[in-house]
Structures are given as C-alpha cells and as structure tokens.
Amino acid sequence: MRQTARNVLTVGAVFGVVAAAANWETIDAELEKRFNTNAETESTTTSTTTLQAAGSLTGSVVVLDPGHHPNNASHPGPDGIGAQVSDGRGGMKDCNKTGTASEDGYSEGQFNLDVAAKLTTALTNLGATVISTADGNPNDYGPCLTGPNSRAEIISRNHPAAAVSIHADGAKHPDGSIDTEASGFHIIVSGYNESAPSRALAQKLNTNLLAIGGVQCSDYIPLEDPASCLDIRDDLAVPNTIDAAIPLVTLESGNMKNPSEAARLADPAFQQQWAEAIAGAIEAQLTQG
Ligand SMILES: [Zn+2]
C-alpha cells in the first residue's frame, strides 16, 4: 500500500500536492485519503475475485466466444466443420473442430456454453452488453473460426472492449495417447498478432483464476511464463485475425481427460467461480486498462 501511495505521489505532485518538508508517513497518510478509491481498486484486483459495483461496465461491449459446439461432431466434412477457412496468416484450416470431452461424455462444447451462460449473467449484472458468438447462429454447429458470420468476424464487427474464447483441453502424451494425469489451466495469446492489451487481460485473468484456490497452471504445456500460465501460439485463427487493440484471450480451463479435473469442470458451483473470476478480470481490464 505504501508503494501504491508513493506511485500516486508522482501524479499528485504534478497537480499541486505540497510535498516539501513533509515526511513520508505524512505524505502516505494524506495520499491514502486523497486517492483512497484508487488504492482500493488496486488492492482488489491483485488479491481477490470480488466483483465491484453493479453498473461498473455500463456502456461496455464484451464478446464471449464459447469454443466448438456440442453438435460439431454431427457435421463433419467439407460441407460442415471441415470446410476450409483462412487461418489468419496466409494459410487455411478447418472451419471448426469437435473439441474434446470427458471420459463420461460431458463435451467441451457444452462446458464452454455452460461457463459462457454464467459469465453472461455476471457481466450483465455489472452493466455490460454481452454478445456471444454462439448466438444467432443459423446452423446448429460452428460457427467457423474465420469468414462471414464467423467467430472472428463477430468479434471484429462488434469491436468489443474485451473478448474471451472459452475452452477446455484434452491433454495428450507426446506419442498422441490420452494423458489422464495432466492438469491445470492456461491462457493463450497470439504470437503472430502481438497484442499488449491481450497480454494485460491475460495477466489479470491469471491472477483471478489462481485466487480461486485448488487450481494451477497447466503442467503439460511449455508455458512462456509458468507463473502467468501464458502460452504463446501462432496457429489460432481468431486472435490472428482481429484488431490487436481488442483485448482477447483464449482460456483453456483444464484437462477434461483427467477424471478428477473433469469432475470439477462439470461442477456448476466451480463453473460459477470460474465465470466470476473471468468477469472480475474483464472488469479490471475495462475499469483500469
Ligand atoms: Zn477447445
């Protein structure tokens, strides 16, 4: 807190705070009073997922992008999710993938929708206008990653203040076999389309998710920074395609092939915690930059 007050002092001095001849304790106390709101905000975002006031996100647009679709597996091939679309860096890739599933049949597509629904409620309660790439889809699968009415196009069209692609993973060993013991979440940002706002949102999200307790960074992914759970990838078409000024992160929420982790991911109470932590990170991003 002292460090916070001294950082603010620099700003305060510019605006005429009389600092001469006072000792640091006096200055700290004075600045605590003058900038109490600021100090409390910083404290909140670094130590807790507690959401702030209703209405804090009024006027802000947030796009949620729940990955895959529970029906994707019913639409294979070039007329379905196998249609080729731009990968955002000069090549082509499949329109969408089926996603993974737990061994007892809970699909990643459904998990992504379940978290997105809870997150929509949390963000709406804060005043945000929430748009989902799963809404208004004329098909019962997809949508595609890029192209007309795609995930990327919906994000670009709405140019939100923040966007989150929600996923869960199916971990594999290097030989391609399923890894039922790997665990943890990670947050992906594009290395092809570098975005400082996306990195900032990733950091806030990382802080809030770890604050839940009982979760940790993925132990099966070569993370750029193991402390930040950050994974830099060049092959994700959506972040490669959109304006880098839009804070966009892709969250891999855990390993659905790990039975104990899959059970937690399927728990509505955990999903609620997960959604509120994401909402808190978005709120911090939008209210503090
Ligand atoms: Zn996925």
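Because the structure is a prediction, the values reported are computed rather than measured.

Thresholds, definitions, all that
Residues numbered from 1 in each chain as written. Predicted model: local features only at pLDDT ≥ 70, side-chain atom pairs only at ≥ 80, totals over all residues. Helix = DSSP H or I, 4+ residues; strand = E, 2+ residues; numbered from the N terminus. Contact = placed C-beta atoms within 7 Å. Expected span 1.5 Å × (residues − 1). Buried ≥ 20, exposed ≤ 12 C-beta atoms within 10 Å, placed from the backbone. Core = buried A, V, L, I, M, F, W, Y, C linked by C-beta atoms within 7 Å. Pairing = 2+ DSSP bridges. Axes fitted to C-alpha atoms, helices over the stretch in contact; angles between N-to-C directions.

J.: Quick question: what am I supposed to make of the environment of Ala134 here?
T.: Relative to the helices and strands, Ala134 is located in the loop between strand S4 (129-132) and helix H5 (151-158). In this structure, the C-alpha to C-alpha distance between Ala134 and His68, residues 66 residues apart in sequence, is 9.1 Å. Contacts of Ala134, omitting those with residues within four sequence positions, involve Pro66, Leu113 and Ala116.

J.: What should I look at first to understand helix H4 (residues 108-125) in this one?
T.: What sets the pattern is the α-helix's 3.6 residues per turn: residues three or four places apart point alike. With 18 residues, H4 extends 26 Å from end C-alpha to end C-alpha; this agrees with the ideal 26 Å at 1.5 Å per step. Buried residues of H4: Glu108, Gly109, Phe111, Asn112, Asp114, Val115, Ala116, Leu119, Thr120, Ala122 and Leu123, and no others. Buried-residue contacts for H4 involve strand S1 (61-66), S4, strand S5 (162-169), helix H8 (259-266) and helix H9 (268-288).

J.: Would you take a moment to explain the nonpolar core for this structure?
T.: Counting residues in hydrophobic clusters, the biggest one holds 61 residues, and the most contacted among them are Val62, Leu119, Leu123, Ile155, Leu205, Val249 and Ile278. Residue contributions to this core peak at 9 residues, all from H9. Ignoring sequence-local partners within four residues, the contact set of Val62 consists of Leu123, Ala128, Val130, Pro160, Ala161, Ala162, Ala163 and Ile282.

J.: Help me understand the sheet that holds strand S7 (residues 230-233), please; the structure alone is not making it clear to me.
T.: Spatially, 6 strands are ordered S4-S1-S5-S8-S6-S7 in an open sheet, and the strand pairing comes out mixed. Edge positions in the sheet fall to S4 and S7, since each has one partner strand and no second. Adjacent strand axes in the sheet meet at a mean angle of 25 degrees, parallel and antiparallel pairs treated alike.

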